[in-house]
Amino acid sequence: MSDQAVCYRHPDRETRLSCSNCGRPICAACSYDTPVGQRCPECAGPDNRTRVVTARDLRSRSWTTTPISVAIIVIAAGLFLISRGGETELTLLRNLAQINVLVADGEWWRIVSAALLHGSLTHILFNMYALWIFGPRLEREAGSIPFLTAYVATAAMGGAFYFLLGEDFVPAVGASGAIFGLFGIWVAALWKSRHTPAGRALLNQLLVLLAINAALPLIVPRIAWEAHLGGFAGGLVIGWAWSTYAYGRPNARAIRIAVAAAVGVAAFAIVVL
């Protein structure tokens, strides 16, 4: 007879997995991925402040369930469409793009407002595709206001890095800093569940996109890799702090907002000071 543990719900299935909360052995069919590892159905239930997310939930991206993700995509797409050439494009660039000499003169909002604009169809398609894949689930799990705070904070951190390391007179636009911020948050969260099939699959998908985006500056000129680096660093900090200090707390949402806001304040402090 094998000494291998068996799933407590399916005694005929041997397993190496166990619930990160109660410690009971579970099979892959009974495992639910959370930001703190795999959990059994009971520990992943609402009474434990975690909602079981089904495949149908993961495919659901609507205004009612993920309003911030949808709104960002709609706004970015709308601005891209109305800014194709002419005076409108120049006006948006003059007022919203990150131009470091203007940021140094006190126009600090540009480190965030630049995330609303995109320079090409490929640019906006890649960023919005990545947001569409990784944004809604994070928004559902963290909450819309914490998600928005984190998105703005990582966009600001990307802008702060470009301010420190980028060129003074070359305008920078795009949501890449915020998108890399989402990558950072997910990497920090999924690293703990990398041993589960679902967690490993999502982490691999994320790492492929991350590798492609990281390699683009080596192939395509004029890509602000500094914003990518800053956004990713900010996202890692937020993701680590969320999973360490917010998970399971009755005031988890407020903690998430405070953590993301602190990263945003740090980004503006870098620019101001």
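Reading the values: rules and limits
Residues numbered from 1 in each chain as written. Predicted model: local features only at pLDDT ≥ 70, side-chain atom pairs only at ≥ 80, totals over all residues. Heavy atoms only, no water. Axes fitted to C-alpha atoms, helices over the stretch in contact; angles between N-to-C directions. Helix = DSSP H or I, 4+ residues; strand = E, 2+ residues; numbered from the N terminus. Parallel < 35°, antiparallel > 145°, perpendicular 65-115°, else oblique. Contact = heavy atoms within 4.5 Å. Nonpolar A, V, L, I, M, F, W, Y, C, P; charged D, E, K, R; others polar. Buried < 20%, exposed > 50% of the residue type's maximum accessible area, 1.4 Å probe, protein only. Patch = residues over 30% accessible without salt bridge, like charges linked within 9 Å, V, L, I, M, F, W, Y side chains within 5 Å. Areas by Shrake-Rupley, 256 points an atom, 1.4 Å probe, with all protein chains shown as cover. Salt bridge = Lys/Arg side-chain N within 4 Å of Asp/Glu carboxyl O.

### Remarks on the packing of helix α2 (residues 67-82) against helix α6 (residues 121-142)
Move 1: The geometry of α2 relative to α6 is characterised by a closest axis approach of 9 Å and an angle of 170° between their N-to-C directions. Considered as vectors, α2 and α6 are oriented roughly antiparallel to each other. Together, Pro 67, Ile 68, Ser 69, Ile 72, Ile 73, Ala 76, Ala 77 and Phe 80 of α2 and Leu 121, Ile 124, Met 128, Leu 131, Trp 132, Gly 135, Pro 136 and Glu 139 of α6 make up the contact between the two elements.
Move 2: Looking at the contact of α2 with α6 residue by residue, the classes come out as 13 nonpolar, two polar and one charged.

### A look at the side chain of His 228
Move 1: Residue placement: His 228 occurs in helix α10 (residues 225-246).
Move 2: Residue His 228 is classed as buried on the basis of its relative accessible area, which comes to 7%.
Move 3: Apart from residues no more than four positions distant in its own chain, His 228 is found in contact with Ser 176, Phe 180, Asn 213 and Ile 223.

### A look at a nonpolar patch on the surface
Move 1: A grouping of Leu 164, Leu 165, Trp 225, Leu 229 and Ile 270 is seen on the molecular surface, where their side chains present a nonpolar patch of about 460 Å² in accessible area.
Move 2: For the nonpolar patch, the secondary structure elements donating two or more residues are α7 (144-165) and α10.
Move 3: Within the element layout of this structure, Trp 225 appears in helix α10.
Move 4: By relative accessible area, which is 43% here, Trp 225 ends up partly exposed.

### Description of the pattern of salt bridges
When the charged atoms of two side chains with opposite charge come close together, those side chains can pair.
Move 1: What the rule picks out here adds up to five salt bridges.
Move 2: Arg 84 is the partner of Glu 89 in a salt bridge, and the nearest nitrogen-oxygen pair spans 3.9 Å.
Move 3: Under the relative-accessibility criterion, Glu 89 is labelled partly exposed at 25%.
Move 4: Classification of Arg 84 by relative accessible area gives partly exposed; the value is 40%.
Move 5: A salt bridge links Arg 137 to Glu 141; the shortest N-O distance between them is 3.0 Å. Here Arg 137 pairs with Glu 141, and both are found in helix α6, just four residues apart, close to one helical turn.

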